[in-house]
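Observations on the model geometry
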Amino acid sequence: MRLNIILGLILVGMLPALAGCAKTVANKPRSSPRIVSTDPSATQILLQIGAAKTIVGVSPWDKPLLPLSLRHVPVVGGYVHLDEELVVQLAPTALILQQSPQRIAPGIISMAKQNGIRIVNIRINTFRQLFATTRTLGSISGCQKQAAAAITKLKSELNILAHSRPQKPPRVVYIISTEPIMVVGADNFMDQEITLAGGTNVAERCGDGFPTITRETLVRLNPQVLLISKPGEPVASGPQDPRLLPWLKLPIAAASHKRVDLITWPRAQMLTLHVYHLIRRLRNCMDAAPNPGGSQ
Amino acid sequence: MKAMILSRLTAITLAGVFLTLLIFIVCLAFGPGMPGQQAISVGFPRMAILQLRLTRVEAAAIAGAALGLAGVLLQGLLRNPLADPFVLGISSGSTVGVMIWIVFGQAMLQSFTSSPWMENLFANGQTIPALVGAVVATWLVFLLGRRRGGMLDPMTLILSGVIISTIGGALVMLLNNLVPYGARTDILNYMFGYISEGTSHTLILAAFISFVLAWAGALTLGGAMNIASFSDAEAHSLGIQLSSLRLSAFALAALATAASITVAGPIGFVGLICPHACRGIFGPDHRQLFITSPLLAAIFLMLADTFVRSTGAYFNGELPVGVITALCGGPFFLYLLKRRRTWM
């Protein structure tokens, strides 16, 4: 009996909270664009086209990359676990995902349908997809003009880079994970970045995407420039930096000419509208590379 | 009779060592070919590449042998045919160590870059955090697995291992949410075990010394472990100090597992299947198992690692070696489960 009374009191106590939740949802304005982004690249693009005010929810990986004015934006989860209740509470007009259509959980689709949320499933793996995604994001955020202007600007920047490629591009290997060694392979935006930066991605032959290779394969590829991606880490302190030392000991041209560099830019593994600046950075690494020779 | 056993042991040891050396040399002759031209390279390459292969095959041999030894020790200690070095939560302890390193290591690296000694330590990547995690997990299991009077109880020990493993798994999931963007691939690959050509010679030497010490210790326990495999009462009546025997076996298994984790991370199933395979071939005598199981495990891991090292061209990149050991070990594990009724 006493237990029933306690339970009853707890339920009565919870009613205002439940009512508050309902009120929160009902009070959210839906006329202006409200975007929940679970993809860090998409979030960055939204920021870059001036749609910061439309972002109402982000993924955990976005948090360190957000400007201070947006650090209060709630984290809704990522592609593994999405907090659907929080998404509903935030009452967005669009939910951005980057997944193959078959892998979107049916629960997310029905939740979006019931609450009038548009699912925007993007794919950003090549420059062409970057332009298409920027257009889509401009459209859903009400920043079409800014998006179009950003695309035009980036295309002209990339065009200049494409026309200033060296005649003898150095052989480049770009490592994105060191143990085991994962490299930039064929058919992805980082491969395109290497080409535009003036290099030849010799690891293209190892496979599509980001294949894992052994040190032996790396020695056989004998790159003249070895780039190691460490997004967000401190800049290399020089050849004695412990993160560079093991690579400088390898019998490859890049090591003997001290052309081993860390790419520490926080957005180095993302494709955003700032890709031009990253490519310029990569080009600086390659410019001092020795003349190309035969691979071993 | 004793002379016969000794001569049989000597013959098995010599044959085993010879076969291991032969496989070691064969493994050195295989590697990945030039991408786009040749899938697999067969034959002995130039010195620079041979040195890389040597590092990796050495590391695989030591890690495999250590796992094979730890497997025999733990199956004997826990009287459980399904026990392997990672049933005691050591694997999840090492993964937690690596996760902590990935999440907080960057700040630590910034704090210590002024010290050359610390720089050297951190240059070894995930090894040190993995080892620290494994040691902490082992110590916790040891503390929880003791009964009053300080004696290790097999059942409590295995339950403690399962609990520590579960807590470790939860911590891994928790830390996974804090991992910087782009670092998740490192963790996924680490969890399947990985032998690197970049392993420093100091670490290989340290792992080798740890393994040799554990092996030498285990060889002295062979006879006592045979008696301890009967009931506690029978073992006591035959003059075996179960308390000190279990403590020694646990410490040696932990030392061997640490040696393996130092050079290869958490590789599953090797410590489970090799002791059983040797039991099937040579019988349940621990004096033989302590010799044959490490040698067979070294051969198994050398071959598995050579396979993944050489076949990257067929799998769009190198597979984690744990995938191969698990693909061989998984069906064997199921076979054991099916046979268990007759085993007990």
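Residues numbered from 1 in each chain as written. Chains lettered and ligands numbered in written order. Predicted model: local features only at pLDDT ≥ 70, side-chain atom pairs only at ≥ 80, totals over all residues. Heavy atoms only, no water.

Along its length, chain B carries 13 helices and two strands. Classification of the 344 residues of chain B by burial places 54% in the buried group. Across chain B, contacts joining residues at least 24 apart in sequence account for 77% of those joining residues at least 6 apart. With an accessible surface of roughly 15,400 Å², chain B has 71% of that area assigned to carbon and sulfur atoms. (Helix = DSSP H or I, 4+ residues; strand = E, 2+ residues; numbered from the N terminus. Buried < 20%, exposed > 50% of the residue type's maximum accessible area, 1.4 Å probe, protein only. Contact = heavy atoms within 4.5 Å. Areas by Shrake-Rupley, 256 points an atom, 1.4 Å probe, with all protein chains shown as cover.)

Each α-helix winds once per 3.6 residues, and so residues spaced three or four apart point in a common direction. Between its terminal C-alpha atoms helix 8 (residues 201-228) of chain B stretches 38 Å, which fits the 40 Å expected from 28 residues at 1.5 Å a residue. When the local axis directions of helix 8 of chain B are compared, the greatest deviation, roughly 55°, occurs at B:Gly222. (Expected span 1.5 Å × (residues − 1). Bend = angle between axes of the 7 residues up to and from the residue.)

All names here are of chain A. Read from one edge of the open sheet, four strands run 2-1-3-4, paired in parallel fashion. With partners counted over all chains shown, the strands left at the sheet margins are strand 2 (55-57) and strand 4 (118-121), one partner each. Neighbouring strand axes in the sheet, compared pairwise and without regard to direction, differ in orientation by 35° on average. Where strand 1 (residues 35-37) lies against strand 2, two bridges are found, and the strand directions are parallel. Following the sheet pairing, Ile-35 is matched in strand 2 by Ile-55. (Pairing = 2+ DSSP bridges. Axes fitted to C-alpha atoms, helices over the stretch in contact; angles between N-to-C directions.)

All names here are of chain A. Located in the positive-phi region is Ala-91, a residue other than glycine, with phi close to 45°. With a relative accessible area of 4%, Ala-91 lands in the buried category. Phi is positive for Asn-222, close to 45°, though the residue is something other than glycine. Position of Asn-222 relative to the elements: it lies in the loop between helix 8 (215-221) and strand 9 (225-229). Of the residues examined, Asn-222 reaches a relative accessible area of 6% and is grouped as buried.

Here the focus is the environment of B:Ala207. Residues and elements named next belong to chain B. Mapped onto the fold, Ala-207 is located in helix 8. On the basis of relative accessible area, Ala-207 is assigned to the buried category, the value being 1%. For the pair Ala-207 and Gly-169, spaced 38 residues apart in sequence, the C-alpha to C-alpha distance is 26 Å. Those residues in contact with Ala-207 that lie beyond four places of it in its chain are Ile-62, Ala-259, Thr-262 and Val-263.

Residues and elements named next belong to chain B. You can see Thr-55 is positioned in helix 2 (residues 47-78). For Thr-55, the side chain forms a polar contact with the main-chain oxygen of Gln-51, separated by 2.9 Å. If near-sequence neighbours (up to four positions away) are discounted, Thr-55 is found in contact with Ser-196, Glu-197, Thr-199, His-201 and Ile-204. (Polar contact = N/O pair within 3.5 Å; in protein donor to acceptor, adjacent residues only side chain to side chain.)

The next point concerns the pairing of strand 5 (residues 171-177) of chain A. A regular strand places its side chains on the two faces of the sheet in alternate fashion. Residues and elements named next belong to chain A. Of all seven residues in strand 5, seven are buried; the element is thus mostly enclosed. Taken together, the two bridges between strand 5 and strand 7 (residues 200-201) define a ladder with parallel strand orientation. Bridge pairing in strand 7 links Arg-171 to Thr-200. The pairing of strand 5 with strand 9 spans four bridges and is classified as parallel. What sits directly across from Val-173, in strand 9, is Leu-226.

A few words now on the domain arrangement of chain A. All names here are of chain A. By domain assignment, chain A separates into domain 1 (21-154) and domain 2 (164-295). At the interface, 15 residues of domain 1 touch 16 residues of domain 2. Summed over both partners, the interface of domain 1 with domain 2 buries about 1,400 Å², with 70% contributed by carbon and sulfur atoms. Linking domain 1 with domain 2 are zero salt bridges, by the criterion used here. Connecting domain 1 to domain 2 are six residue pairs in polar contact (both at pLDDT 80 or more). Mapped by element, the contributors of at least two residues to the side of domain 1 that touches domain 2 are helix 2 (40-48), helix 5 (127-141) and helix 6 (144-163). (Domains from an automatic or database assignment. Buried area = accessible area lost by both parts, 1.4 Å probe. Salt bridge = Lys/Arg side-chain N within 4 Å of Asp/Glu carboxyl O.)

The next thing to look at is the confidence of the model for chain A. Residue and element names in this part refer to chain A. Predicted confidence across chain A gives a mean pLDDT of 81, with 86% of residues reaching 70 or more. The low-confidence segment residues 16-27, where pLDDT is below 50, has two contacts with residues more than four positions distant or belonging to other chains. Confidence drops under a pLDDT of 50 for residues 289-296, and excluding neighbours within four residues, the segment shows 26 contacts in the predicted structure. (pLDDT = per-residue confidence, 0-100.)

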